[in-house]
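What follows is the residue order along each chain.
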Amino acid sequence: MTPTQLKALFFQQLLNIAPEVEPDEVDPEADLREELDIDSMDFMMLTVALGKQLGINIPETDHHQLNNVNNFLLYLQKKVSAG
């Protein structure tokens, strides 16, 4: 999966959880939860949905690595490539 495809998938799943988000206006380096105004349950739903769709496991112990959009996408790329 290409980085562009992963980014599209990420925002597709994000919009299922937070439909008010404007993907083009998201700062990819900003704190994900603060930038998108999502709580821990929404964040968990996002990681579960992405993991399920990509066929990967995203353990809670890795959530600290997913602190912004760029880091989240890099993490997903590594997991998809390794799997």
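Our structure is the block above this text.
From a predicted model like this one, the values you see are computed outputs, not experimental measurements.

Participant: Would you mind going over the overall build of the chain with me for this structure?
Facilitator: Counting secondary structure elements, the chain contains four helices and zero strands. Tracing the chain from N to C terminus, the helices and strands come up as α-α-α-α. The C-alpha atoms of the chain give a radius of gyration of 12 Å, which matches the 12 Å a tight globule of 83 residues would have. Taken along the three principal axes of its C-alpha coordinates, the chain extends 30 × 25 × 20 Å. Looking at the chain as a whole, 37% of its 83 residues qualify as buried.

Participant: Is there a simple way to explain the environment of Met45 in this structure?
Facilitator: Relative to the helices and strands, Met45 resides in helix α3 (residues 40-54). Using a relative accessible area of 42% as the deciding quantity, one classes Met45 as partly exposed. Considered as a pair, Met45 and Ile17 are 28 residues apart in the sequence and their alpha carbons are 7.6 Å apart.

Participant: Explain unusual backbone geometry to me, please; I cannot follow it from the model alone.
Facilitator: In terms of backbone geometry, most residues other than glycine have negative phi values and most peptide bonds are trans. Residues other than glycine seldom take positive phi values, yet Asp37 does so here, at roughly 55°. Looking at where Asp37 falls in the secondary structure, it is placed in the loop between α2 (32-36) and α3. For Asp37, a relative accessible area of 67% gives the class exposed.

Participant: What is the right way to look at the nonpolar core in this model?
Facilitator: Proteins that are soluble and globular tend to have nonpolar side chains buried together. Phe10, Phe72 and Leu76 are the most contacted members of the largest nonpolar core, which totals 24 residues. Among the elements that make up this core, the one with the highest residue count is helix α1 (residues 3-17) (six residues). If we skip the residues at most four places from it in the chain, Phe10 touches Leu32, Leu46, Leu50, Val69, Phe72 and Leu73.

Participant: What is the right way to read α3 from this model?
Facilitator: Between its first and last C-alpha, α3 extends 21 Å over 15 residues, near the 21 Å set by a 1.5 Å rise per residue. Buried within α3 we find Phe43, Leu46, Thr47, Leu50, Gly51 and Leu54. On an axial view of α3, the arc spanned by its buried residues comes to 125°, and they lie on one face. Across from the buried face of α3, at angles greater than 90 degrees, the exposed residues are Met41 and Lys52. Those residues of α3 that are buried are in contact with α1, α2 and α4 (69-82). A side-chain oxygen of the first residue of α3 lies 3.2 Å from the backbone nitrogen of Met41; this N-cap is Asp39. In the stretch just after α3, Gly55 is the one whose phi turns positive, near 70°.

Definitions and limits used
- Residues numbered from 1 in each chain as written.
- Predicted model: local features only at pLDDT ≥ 70, side-chain atom pairs only at ≥ 80, totals over all residues.
- Heavy atoms only, no water.
- Helix = DSSP H or I, 4+ residues; strand = E, 2+ residues; numbered from the N terminus.
- Rg over C-alpha atoms; globule rule 2.2 N^0.38 Å.
- Buried < 20%, exposed > 50% of the residue type's maximum accessible area, 1.4 Å probe, protein only.
- Core = buried A, V, L, I, M, F, W, Y, C linked by side-chain atoms within 4.5 Å.
- Contact = heavy atoms within 4.5 Å.
- Expected span 1.5 Å × (residues − 1).
- Arc of directions from axis to C-beta.
- Polar contact = N/O pair within 3.5 Å; in protein donor to acceptor, adjacent residues only side chain to side chain.

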